[in-house]
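Here is how the chains run, residue by residue.
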Amino acid sequence: MSSVSDRLPAFPWDKLAPYKKTAAAHPDGIVDLSVGTPVDPVPDLIQKALVAAADSPGYPTVWGTPELRDAITGWLGRRLGARDLTHHHVLPVVGSKELVAWLPTQLGLGPGDKVAYPRLAYPTYEVGARLARADHESYDDPTDLDPANLKLLWLNSPSNPTGRVLPKEELTRIVAWARAHGVLVVSDECYLELGWEADPVSVLHPDVNGGSHDGIVAVHSLSKRSNLAGYRAAFIAGDPAVLGPLLEIRKHGGMMTSAPTQAAVVAALGDDDHVHAQRARYAARRSALRDALLSHGFHIEHSEASLYLWATRHESCWNTVAHLADLGILAAPGDFYGPAGAHFVRVAFTATDERVAAAVARLGG
């Protein structure tokens, strides 16, 4: 009998190890722009909320406290324009990666069922399908897919890795098509608050879904907007007919967010000031890196949102990774996100101001 791990592709980040070693040998040290992990402090009001809830000896609930559900529905209405949401429309999860990886399994998908995701995409969409033993397929336009046996359609706007934002009209068209064919749409919107040259729209917006949440679920995370990657704090929102059974499954599986983290999320979702401050930091880093890459001969495609620049020198992504490593800069090769990324690299602007300035100097900026 094959093990579960046999269903999975090789972990791609291991291939970066020799390039990381090269970059680390730079006299001024490595500038690691390969992984989009936050580096700035957790906002003080969130830390205080976590500490205040530290004396939590009892088990937390999978559904979260009523205060947490209030905070989530309130934020969805205030920030995304979602309407008519109740507690039954929301569900906390233990970080969005966990949700993405295990959602096909928790939906009961298996052999013969199909999961689809963008041609250039976060690798965990495919991993989730493989864990469930479901079929998987990538797309350029999801409405070109054969809807037969298509049970889960992943959208990702703003995109990781490209930063592309799906316009409202396109989202509306895709949701209508999926509903017509009985396909569940799950929209990964974890970078939605990080639009630079576009204003991302959620599938929860009534202009997209016609005022109905049937057949749609949105995924949101606090990792990027609030620097909470270390807290593992995320949530999903949408169709109660989907979320209700997921809640029961997750109760049985003990998939619960810690009580202090739940309190921290309430504080994070109730405050917009720290989000504006973090956006300003990222905007400055993005501008500096973008100008430096362009001056160095790169072409940047999409990148109108998210925490990445999708850049190319019109060569193998691994040649570009090697070139940057010689400068002490580590970037992610585009083929980590699908064969269509073979000539691109993903450059994160989640390094400190000092490290971003070092990268800019090395690029000749």
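Small disclaimer: the values here were computed from a predicted structure and weren't measured.

How each quantity is defined
- Residue indices begin from 1 for each chain and proceed along its sequence in written order.
- Given that this is a predicted model, residues contribute local features only at a pLDDT of at least 70 and side-chain atom pairs are listed and counted only at 80 or more, while totals for whole chains, interfaces and linings are drawn from all residues.
- Each side-chain value is worked out from all heavy atoms of the structure, with water and hydrogens disregarded.
- Each helix is a run of H or I in the DSSP string that is no shorter than four residues. Each strand is a run of E no shorter than two, and both are numbered from the N terminus.
- Buried, partly exposed and exposed residues are distinguished by accessible area as a fraction of the type maximum, computed with a 1.4 Å probe on protein chains only: under 20%, between the cut-offs, and over 50%, respectively.
- Here, residues are in contact when the closest pair of their heavy atoms is within 4.5 Å.
- When DSSP finds two or more bridges between two strands, those strands count as paired.
- With axes taken as lines fitted to C-alpha atoms, and helix axes fitted only over the stretch in contact, angles between N-to-C directions fall between 0 and 180 degrees.

Novice: Just checking my understanding: could you explain unusual backbone geometry for this structure?
Specialist: Note: most peptide bonds trans; most residues except glycine with negative phi. Looking along the chain, the bond that leaves Ser157 and enters Pro158 is cis, with omega of -5°. Assignment of secondary structure puts Pro158 in the loop between β5 (150-156) and α6 (168-180). The omega torsion across Asn160 and Pro161 is 25°, close enough to zero to call that bond cis. Of note, Pro161 is situated in the loop between β5 and α6. Unusually for a residue other than glycine, Asn227 sits at a positive phi of about 60°. For Asn227, the position within the fold is in the loop between β7 (216-221) and β8 (234-238). Under the relative-accessibility criterion, Asn227 is labelled buried at 6%. Even without a glycine there, the phi angle at His314 is positive, about 60°. Tracing the backbone shows His314 in the loop between β10 (308-312) and α11 (317-326).

Novice: Explain the side chain of Arg286 to me, please; I cannot follow it from the model alone.
Specialist: Mapped onto the secondary structure, Arg286 falls in helix α10 (residues 273-295). We classify Arg286 as buried; its relative accessible area is 8%. Dropping the residues within four chain positions of it, Arg286 is found in contact with Trp196, Glu197, Ser303, Glu304, Leu309 and Phe349.

Novice: What should I look at first to understand the sheet that holds β7 in this one?
Specialist: Sheet strands pair via backbone hydrogen bonds, and the direction of the pair is either parallel or antiparallel. Here we have seven strands laid out as an open sheet, ordered β2-β8-β7-β6-β5-β3-β4, and mixed in their pairing. The open sheet has two edge strands, β2 (90-93) and β4 (135-139), and neither has a second partner. The sheet shows a mean angle of 20° between the axes of neighbouring strands, direction not considered. Relative to β7, strand β6 (residues 184-188) runs parallel, the two being bridged by four bridges. Following the sheet pairing, Ser187 is matched in β7 by Ala218. Helix-sheet contacts for helix α5 (residues 124-131) involve β3 (114-118), β4, β5 and β6, and the interaxial angle to β4 is about 160°.

As far as function goes, none of this settles anything; it's purely spatial.
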